[in-house]
Amino acid sequence: MFKKLTLSAIVLASSLIAGSEVNVYSSRHYDTDKELYKMFEKKTGIKVNVIQAKADALIKRMESEGTKSPADVLITVDAARIFKAQQKGLFQPIKSDYLEKNIPAQFKDKDNRWFAVTKRARVIAVRKDVKMPKEVFYEDLADPKYKGQIMVRSSSNVYNQSLMAAVIAHNGVEKATQWAKGVVANMARNPKGSDRDQARGVANKIGSIAIMNTYYIGKLANGKASDKDVVKNVNIIFPKFKDGGTHVNVSAAGVTKHAKNKENGIKFIEFLASKEAQSLFAKANYEYPIIKDAEISPLVASWGALNQDNVSINKLGEENAAAVKALDVAGWK
Ligand code: FE
């Protein structure tokens, strides 16, 4: 009891000193985040003000706001955009023993300007009547034996750009471009729609292999009746790179360069990486926790173990421009 009182007194005192709000610019587009913000407010007494928009719009907005930007924290849903924000100097290094200790090097900036807070794997959903080998490599998706079968969204989508950046990191630009050409040749239709639409297309036999992020499968499985059926009709396979593991992307957050509530911003990111918040990301949004000892959703666990690739988020960001170019050269619409 005494310990509890002391802790909340410290939290209250520190939030009074640091000011009582944190302004978050977020490109995460998931309802569960609102619940997380409420949890943070209740725990700390720090009010969370959120502006939600696409990452590029938020980055532009921060650039035009300059030193006057009210943003204390920027959250993105992918490697390339967090890297872009960093390149533009929109973050500042922070000191957090908790984040430094608990977030693996692969998933944070070396100068502590941003930290990943959740992971998602880019996998394939394959219709159950289609025979696939037990082990699938991303490289195989370019094999002509899958002609007319692959469903995937546009190359303007950053999840595909980061996957391509990983292909480049493993195989070099030339082989990666050949790979993308092979995938394009195997497409069931010109890319359109969302990740979820690819799985729906597979269930409707437009194609048989959908490339998609894991959490969208979780959302389909807990969505409307027809989407539940989509999931019942597919097997989830975790492809690997021939010399690596399954491609993972992240949601990541950093304290902005001109943060007026820096300490609150740090506390907010520490909260997102806390066991409590990590479990909610995992349970309610079917993402993979970034810290070691948080639980994952039983549904996600039922698809099998994630043997994640070791290309760093930083590297995915560095290779984004090359990836966009190579996808274009390959004719991936
Ligand atoms: Fe998404």
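Parameters at a glance
- Residues numbered from 1 in each chain as written.
- Predicted model: local features only at pLDDT ≥ 70, side-chain atom pairs only at ≥ 80, totals over all residues.
- Heavy atoms only, no water.
- Axes fitted to C-alpha atoms, helices over the stretch in contact; angles between N-to-C directions.
- Helix = DSSP H or I, 4+ residues; strand = E, 2+ residues; numbered from the N terminus.
- Parallel < 35°, antiparallel > 145°, perpendicular 65-115°, else oblique.
- Left-handed = near helix turned anticlockwise from the far one by under 90°.
- Contact = heavy atoms within 4.5 Å.
- Nonpolar A, V, L, I, M, F, W, Y, C, P; charged D, E, K, R; others polar.
- Donors = N, O, S within 2.8 Å, 3.2 Å for Na, K, Ca; no water.
- Buried < 20%, exposed > 50% of the residue type's maximum accessible area, 1.4 Å probe, protein only.
- 1 Å grid on protein atoms, 1.4 Å probe; cavity = no way out; pocket = protein on both sides within 12 Å on 5 of 7 lines; lining within 4 Å.
- Points joined across faces, edges and corners; volume = space filled by probe spheres on them.
- Phe/Tyr/Trp six-rings, centres within 6.5 Å; stacked < 30°, edge-to-face > 60°.
- Arc of directions from axis to C-beta.
- Pairing = 2+ DSSP bridges.
- Core = buried A, V, L, I, M, F, W, Y, C linked by side-chain atoms within 4.5 Å.
- Expected span 1.5 Å × (residues − 1).
- Bend = angle between axes of the 7 residues up to and from the residue.
- Polar contact = N/O pair within 3.5 Å; in protein donor to acceptor, adjacent residues only side chain to side chain.

Trainee: How would you summarise the packing of helix α6 (residues 158-186) against helix α14 (residues 320-329) if you had to cite specific residues and measurements?
Mentor: To characterise two packed helices, one gives the angle between the axes of the helices and the distance between these axes. Contact pair α6 / α14: the axes reach a minimum separation of 8 Å and the direction vectors enclose 50°. Between α6 and α14, the interaxial angle falls into the category oblique. Every pair of crossing elements has a handedness; the one defined by α6 and α14 is left-handed. Between α6 and α14, the contacting residues are Asn160, Gln161, Met164, Ala165, Ile168, Thr177, Ala180 and Lys181 on the first element and Asn320, Ala322, Ala323, Val324, Ala326, Leu327 and Val329 on the second. Here the contact of α6 with α14 is composed, by residue class, of 10 nonpolar, four polar and one charged.

Trainee: Mind laying out the coordination of the iron ion, listing which residues take part and the relevant values?
Mentor: Around the iron ion, the protein contributes the donor atoms Tyr159 (OH), Tyr215 (OH) and Tyr216 (OH), which lie 1.9 to 2.0 Å from the metal centre. Summarised as a motif, the one-chain spacing of the donors to the iron ion is Y-x55-Y-Y. You can call Tyr215 buried: its relative accessible area is 0%. Taking relative accessible area as the criterion, Tyr216 reaches 6% and is therefore assigned buried.

Trainee: Quick one: what's the story with empty space enclosed by the protein, residue by residue and with numbers?
Mentor: Per the counting criterion, the structure on display carries one cavity of 30 Å³ or more. Its boundaries defined by the atoms lining it, the largest cavity holds a volume of some 30 Å³. Class assignment for the residues of the lining of the largest cavity results in four nonpolar, one polar and one charged.

Trainee: Please give an account of the packing of aromatic side chains that cites residues and values.
Mentor: Applying the stated criterion across every chain yields a total of seven aromatic pairs. Both rings, one in Tyr30 and one in Tyr215, keep their centres 5.4 Å apart while their planes meet at 75°; by these two values the pair is edge-to-face. With Tyr30 in the loop between β1 (21-26) and α2 (32-44) and Tyr215 in helix α8 (residues 214-221), this pair connects stretches of sequence that are 185 residues apart. Taken individually, Tyr30 and Tyr215 each receive the classification buried, so the pair is uniform in this respect. Centre to centre, the rings of Tyr138 and Phe241 are 4.6 Å apart; their planes meet at 35°, and the pair counts as tilted.

Trainee: Quick one: what's the story with helix α3 (residues 55-65), residue by residue and with numbers?
Mentor: Those residues of α3 not exposed but buried are Ala55, Leu58, Ile59 and Met62. One side of α3 holds all its buried residues, which, seen down the axis, span an arc of 100°. Residues Lys60 and Ser64 are exposed on α3 and point more than 90 degrees away from its buried face. Each element contacted by the buried residues of α3 is listed here: β1, β2 (47-52), β3 (73-76) and α4 (79-87).

Trainee: I'd like a description of the pairing of strand β4 (residues 115-127), backed by residues and values.
Mentor: Counting buried positions over the 13 residues of β4 gives 13, a clear majority of the element. Looking at chain direction, β4 and strand β7 (residues 234-237) are connected through four bridges and run antiparallel. Of the residues in β7, the one forming a bridge with Ala125 is Ile236.

Trainee: Account for the nonpolar core, naming residues and giving values.
Mentor: Where a protein is soluble and globular, its nonpolar side chains tend to be buried together. Formed by 107 residues in total, the largest nonpolar core has its most connected members in Ile124, Leu141, Met164, Trp179 and Phe268. Broken down by element, the residue count for this core peaks at 12 residues, all from α6. In this view, Leu141 contacts Ile124, Tyr146, Ile150, Trp179, Gly182, Val183, Asn186, Ile209 and Ile211; residues no more than four positions away in its chain are not counted.

Trainee: I'd love a proper account of α6, names of residues and values included.
Mentor: For α6, built from 29 residues, the straight-helix expectation of 42 Å at 1.5 Å per residue is missed by more than 12%, its first-to-last C-alpha distance being only 21 Å. In α6, a bend of some 120° at Gly172 exceeds every other bend along the element. Regarding α6, its N-cap is Asn157, as a side-chain oxygen of that residue lies 3.0 Å from the backbone nitrogen of Tyr159 further along.

Trainee: Go over unusual backbone geometry, please, and point to the residues and values.
Mentor: Backbone geometry places Asn112, a non-glycine residue, at a positive phi of 60°. Along the polypeptide, Asn112 turns up in the loop between α5 (97-102) and β4. Among the residues examined, Asn112 registers a relative accessible area of 12% and is labelled buried. Within the chain, Lys205 stands out as a residue other than glycine whose phi angle is a positive 65°. Its location among the elements puts Lys205 in the loop between α7 (195-203) and β6 (209-213). A relative accessible area of 58% means that Lys205 is categorised as exposed.

Trainee: Residue-level account of the environment of Ala165, with values.
Mentor: Mapped onto the secondary structure, Ala165 falls in helix α6. Residue Ala165 is classed as buried on the basis of its relative accessible area of 0%. Sequence separation between Ala165 and Val231 is 66 residues; the distance between their C-alpha atoms is 28 Å. In contact with Ala165, not counting residues within four places along its chain, are Leu316, Glu319, Asn320 and Ala323.

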